[in-house]
There are 2 protein chains.
Amino acid sequence: MDNRPIGVFDSGLGGLTGVRELAKLLPGEDIVYFGDTARTPYGSRSRDTILRYGKQDIEFLLSKGVKAILCACNTVSSTLPETYTDALPVPFVGVVRAAAAAAAARSASGRIGIIATAATVRSGSYEAAIRPLRADARLTAQACPLFVPVIENGYLDRRNPITVTLAREYLAPIRAAGVDTLILGCTHYPLIAGTIADEMGPGVTLVDSGAEGALALRRLLEERDLLCGRVQGGNLSFYVSDSGENFAEIGALFLGRDLSGGIHPYTLLE
Amino acid sequence: MDNRPIGVFDSGLGGLTGVRELAKLLPGEDIVYFGDTARTPYGSRSRDTILRYGKQDIEFLLSKGVKAILCACNTVSSTLPETYTDALPVPFVGVVRAAAAAAAARSASGRIGIIATAATVRSGSYEAAIRPLRADARLTAQACPLFVPVIENGYLDRRNPITVTLAREYLAPIRAAGVDTLILGCTHYPLIAGTIADEMGPGVTLVDSGAEGALALRRLLEERDLLCGRVQGGNLSFYVSDSGENFAEIGALFLGRDLSGGIHPYTLLE
């Protein structure tokens with residue numbers, strides 16, 4: 001048993017979709033969230049910058065005394081080497097490996113699509129994680145760089161013309177590949193899952209990387225006897241590197257509930 | 001006469017539209033550009049974060065020995081107080097005051113529109129700069145938060161359906177106000193000036209904030225006898241806080257010429 005909090009981080013708001021799932025699965029756990037809202041988005045930046053930012057995010061969570069870390073950012077999860085995450089003083093779960101395992105298990109045909117940021121697609125991380133699990137897999141990856149700003153600006157209606165036009169453009173090569181499973185390889189994307197599902201049609205299973213990360217973290221805490229002693233009443237705290245104002249407003253959309261009580265602005269670097 | 005370089009900065013790429021104009025007006029001047037590509041965009045961040053970033057950008061240019069600074073970022077130009085910019089050791093020109101003066105002079109009816117980032121609109125900086133020059137001005141400001149990502153992702157075709165749909169939505173209140181002058185209050189926007197002009201119609205004059213900033217800087221250098229001794233052959237150097245790769249590719253669109261020779265990645269903060 002371990003009553004220390006779980007740490008979750010993301011480049012900004014998207015990781016809150018992972019927190020939502022984690023708080024459903026483990027409602028007694030305290031969760032400390034860090035969103036690097038002063039430097040979001042990460043998905044269009046270079047590998048070196050993503051590495052530097054990701055390590056700083058993890059160091060911040062470690063300074064809060066967490067017992068395990070869920071990296072709810074596909075971009076960071078794709079970029080940090082295992083030699084680094086394996087050497088951390090607490091267990092680390094990245095959304096990429098969790099979502100890759102779920103997709104490999106669920107796909108009947110082995111034809112799997114991946115939509116993600118430019119950096120995640122460029123890294124080839126999903127291919128690297130799926131290949132050892134499914135030698136027959138045929139993968140089609142597509143960067144969707146405008147999905148994050150469109151979502152953060154609230155274009156969430158299933159039939160919003162901007163979102164639908166972008167989805168049609170981005171998903172065309174995925175549809176053409178005849179996939180039966182599509183990984184939402186960015187924790188923002190569940191907010192437009194309706195539009196994505198409409199475009200892909202009913203025969204395609206969507207895999208939510210944040211939800212899969214939360215499930216993988218629960219399994220890991222169970223296996224290592226790191227769950228806390230409570231089954232209800234876990235406390236959520238939110239740290240952000242920019243001011244907390246916008247975070248409270250838009251964050252509630254991602255978390256599915258009000259979070260105005262527990263937001264602490266924090267300057268990562270002076 | 002002063003042969004030191006001119007410093008120009010922006011949160012990312014947009015300020016290159018100002019450099020393009022400056023290099024046309026003063027082809028003999030050396031120009032040092034800084035783009036904070038590891039932390040762009042600024043326009044959706046809080047005032048405190050914008051102040052911190054803007055001051056770091058200026059300190060970087062001062063460390064390069066510049067003789068004057070053009071702030072080609074409307075967001076920073078809207079946020080830095082004059083008490084700070086007046087106290088700098090070199091003259092400082094912000095694009096907001098330059099574009100405000102041009103719009104106040106050119107508008108016949110006094111009905112002036114402003115399109116900009118959320119932070120620039122929230123600051124009220126254009127209203128504050130125009131009011132003393134045109135007591136009869138009637139201003140209509142509209143934040144266009146998706147224009148920057150759409151432009152950086154290359155949706156520049158005049159009839160691109162995404163860009164046209166967004167322009168229609170954002171410009172509706174500006175059209176309804178019957179303006180005769182529209183300030184492009186973000187140095188990215190000249191790249192979609194065609195789409196904006198189509199939407200506004202032929203009776204509306206567009207004011208390019210980067211070009212007006214470049215003109216204001218030339219006047220200032222002339223007045224203070226700070227021009228260099230050359231009339232041709234000025235050298236352009238580009239510093240960016242993220243890797244230079246994407247910058248070279250997309251930056252060429254903004255600058256209107258190749259810039260791959262002079263890019264220096266630079267980490268603003270470790």
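A quick note: this is a predicted structure, and the numbers were derived from the prediction, not measured.

## Focus: the overall build of chain A
Here's step 1: Across its full length, chain A holds twelve helices and ten strands.
Here's step 2: Over its C-alpha trace chain A gives a radius of gyration of 17 Å, about what one expects of a compact globule, namely 18 Å for 270 residues.
Here's step 3: Oriented by its inertia axes, the alpha-carbon framework of chain A measures out at about 45 × 40 × 35 Å.
Here's step 4: Carbon together with sulfur atoms contributes 49% to the accessible area of chain A, which is approximately 10,300 Å² in total.

## Describing the pairing of strand β5 (residues 111-116) of chain B
Residue and element names in this part refer to chain B.
Here's step 1: Of all six residues making up β5, five are buried, and the element is well covered by its neighbours.
Here's step 2: One ladder, built from six bridges, connects β5 with strand β6 (residues 138-143); its direction is parallel. When the bridges of β6 are listed, Ile115 appears paired with Gln142.
Here's step 3: Looking at chain direction, β5 and strand β7 (residues 181-185) are connected through five bridges and run parallel. Residue Gly113 lies in a different strand from β7, and its bridge partner there is Leu182.

## Observations regarding the packing of aromatic side chains
Residue and element names in this part refer to chain A.
Here's step 1: With the rule as written, the count across this model stands at 16 aromatic pairs over all chains.
Here's step 2: The interplanar angle of 85 degrees and the centroid separation of 5.1 Å between the aromatic rings of Phe147 and Tyr170 together place this pair among those described as edge-to-face. Here Phe147, found in helix α8 (residues 147-152), pairs with Tyr170, found in helix α9 (residues 161-176); they are 23 residues apart in sequence, far enough to count as distant.
Here's step 3: Exposure remark for Phe147: the relative accessible area of 0% places this residue in the buried category.
Here's step 4: When its relative accessible area of 4% is taken as the criterion, Tyr170 is described as buried.
Here's step 5: Across the ring face of Tyr53, the terminal group of Arg39 is positioned such that the distance to the ring centre comes to 3.7 Å.

## What to know about the relation of the copies chain A and chain B
Here's step 1: By a simple turn and slide, chain A fits onto chain B: the slide is 0.0 Å along the axis, the RMSD is 0.0 Å, and the turn is 180 degrees. Here the two chains are linked by the operation of a two-fold rotation axis. Measuring from the rotation axis to each C-alpha of chain A, the shortest distance belongs to Arg39 of chain A, at 2.5 Å.
Here's step 2: Looking at chain A, 100% of its interface residues are interface residues in chain B too, so the copies touch through the same face.

## Some remarks on the pattern of salt bridges
Here's step 1: For the structure shown, the criterion picks out 26 salt bridges over all chains.
Here's step 2: Measuring nitrogen to oxygen at the nearest pair gives 2.8 Å for the salt bridge that ties Asp2 of chain A to Arg4 of chain A.
Here's step 3: Overall, the relative accessible area of 12% leaves Asp2 of chain A in the buried class.
Here's step 4: A salt bridge links Asp36 of chain B to Arg39 of chain B, with the nearest nitrogen and oxygen atoms 2.8 Å apart.
Here's step 5: Linked through salt bridges whose partners overlap, the residues forming this network are Arg20, Glu21 and Lys24 of chain A.

## Brief notes about the nonpolar core
Nonpolar side chains tend to gather and get buried jointly when the protein is soluble and globular.
Here's step 1: The biggest cluster of nonpolar side chains holds 110 residues, and the ones touching the most others in it are Phe147 of chain A together with Phe147 of chain B.
Here's step 2: Not counting the four nearest positions on each side in its chain, Phe147 of chain A is found in contact with Ile115, Thr163, Leu166, Ala167, Tyr170, Tyr189, Ile192 and Ile196 of chain A.

## Re the side chain of Asp57 of chain B
Residue and element names in this part refer to chain B.
Here's step 1: Tracing the chain through its elements places Asp57 in helix α2 (residues 47-63).
Here's step 2: One buried charged side chain, Asp57, makes no salt bridge at all; its nearest oppositely charged neighbour is Arg39, positioned 4.3 Å away.
Here's step 3: For Asp57, the contacting residues outside a window of four places in its chain are Phe9, Phe34, Asp36, Arg39, Tyr42 and Leu268.

## Re the interface of chain A and chain B
Here's step 1: On the side of chain B, 30 residues touch chain A, which itself brings 30 residues to the contact.
Here's step 2: Summed over both sides, the interface between chain A and chain B buries roughly 2,300 Å², with carbon and sulfur atoms accounting for 50% of that surface.
Here's step 3: It is Arg45, Leu146 and Ile162 of chain A in chain A that bury the most area against chain B; as a group they hold 22% of the surface buried on that side.
Here's step 4: Across the contact surface, chain A and chain B share zero salt bridges.
Here's step 5: Run the count over chain A and chain B and you get 14 residue pairs in polar contact (both at pLDDT 80 or more).
Here's step 6: Those elements that place two or more of their residues in the side of chain A that touches chain B are α2 (47-63), α8 and α9 of chain A.
Here's step 7: Ranked by the residues each element gives to the side of chain A that touches chain B, the list is headed by α9 of chain A, at five residues.
Here's step 8: Partitioned by chemical class, the residues of the side of chain A that touches chain B number twelve nonpolar, twelve polar and six charged.

## Quick notes on the packing of helix α5 (residues 95-106) of chain A against helix α11 (residues 209-223) of chain A
Residue and element names in this part refer to chain A.
Here's step 1: It is at 8 Å that the axes of α5 and α11 come closest, and there the two elements cross at 100 degrees. One way to sum up the angle between α5 and α11 is to call them roughly perpendicular. Contacts between α5 and α11 involve Val95, Ala98, Ala99, Ala102 and Arg106 on the former and, on the latter, Ser209, Gly210, Glu212, Gly213 and Ala216.
Here's step 2: Looking at side-chain class alone, the contact of α5 with α11 contains five nonpolar, three polar and two charged residues.

## Description of the confidence of the model for chain A
Here's step 1: Of all residues in chain A, 99% attain a pLDDT of 70 or more, and the chain-wide mean is 95.
Here's step 2: For this predicted complex, the interface confidence comes out at an ipTM of 0.91, alongside a pTM of 0.94.

## Some thoughts on the state of the cysteines
Residues and elements named next belong to chain A.
Here's step 1: Counting across every chain of the model gives zero disulfides over all chains.
Here's step 2: Residue Cys71 stays outside any disulfide, its sulfur separated by 5.5 Å from that of Cys73, the closest cysteine.
Here's step 3: With relative accessibility at 0%, the residue Cys71 sits in the buried group.
Here's step 4: Considering cysteine sulfurs only, Cys73 is the nearest to Cys186, which forms no disulfide, with 7.5 Å between them.
Here's step 5: A relative accessible area of 7% means that Cys186 is categorised as buried.

Conventions we followed
- Residues numbered from 1 in each chain as written.
- Chains lettered and ligands numbered in written order.
- Predicted model: local features only at pLDDT ≥ 70, side-chain atom pairs only at ≥ 80, totals over all residues.
- Heavy atoms only, no water.
- Helix = DSSP H or I, 4+ residues; strand = E, 2+ residues; numbered from the N terminus.
- Rg over C-alpha atoms; globule rule 2.2 N^0.38 Å.
- Areas by Shrake-Rupley, 256 points an atom, 1.4 Å probe, with all protein chains shown as cover.
- Buried < 20%, exposed > 50% of the residue type's maximum accessible area, 1.4 Å probe, protein only.
- Pairing = 2+ DSSP bridges.
- Phe/Tyr/Trp six-rings, centres within 6.5 Å; stacked < 30°, edge-to-face > 60°.
- Lys NZ or Arg CZ within 6 Å of the ring centre and 35° of its normal.
- Least-squares fit on C-alpha atoms with pLDDT ≥ 70 in both.
- Contact = heavy atoms within 4.5 Å.
- Salt bridge = Lys/Arg side-chain N within 4 Å of Asp/Glu carboxyl O.
- Core = buried A, V, L, I, M, F, W, Y, C linked by side-chain atoms within 4.5 Å.
- Lys, Arg positive; Asp, Glu negative; His and termini not counted.
- Buried area = accessible area lost by both parts, 1.4 Å probe.
- Polar contact = N/O pair within 3.5 Å; in protein donor to acceptor, adjacent residues only side chain to side chain.
- Nonpolar A, V, L, I, M, F, W, Y, C, P; charged D, E, K, R; others polar.
- Axes fitted to C-alpha atoms, helices over the stretch in contact; angles between N-to-C directions.
- Parallel < 35°, antiparallel > 145°, perpendicular 65-115°, else oblique.
- pLDDT = per-residue confidence, 0-100.
- Disulfide = S-S within 2.5 Å.

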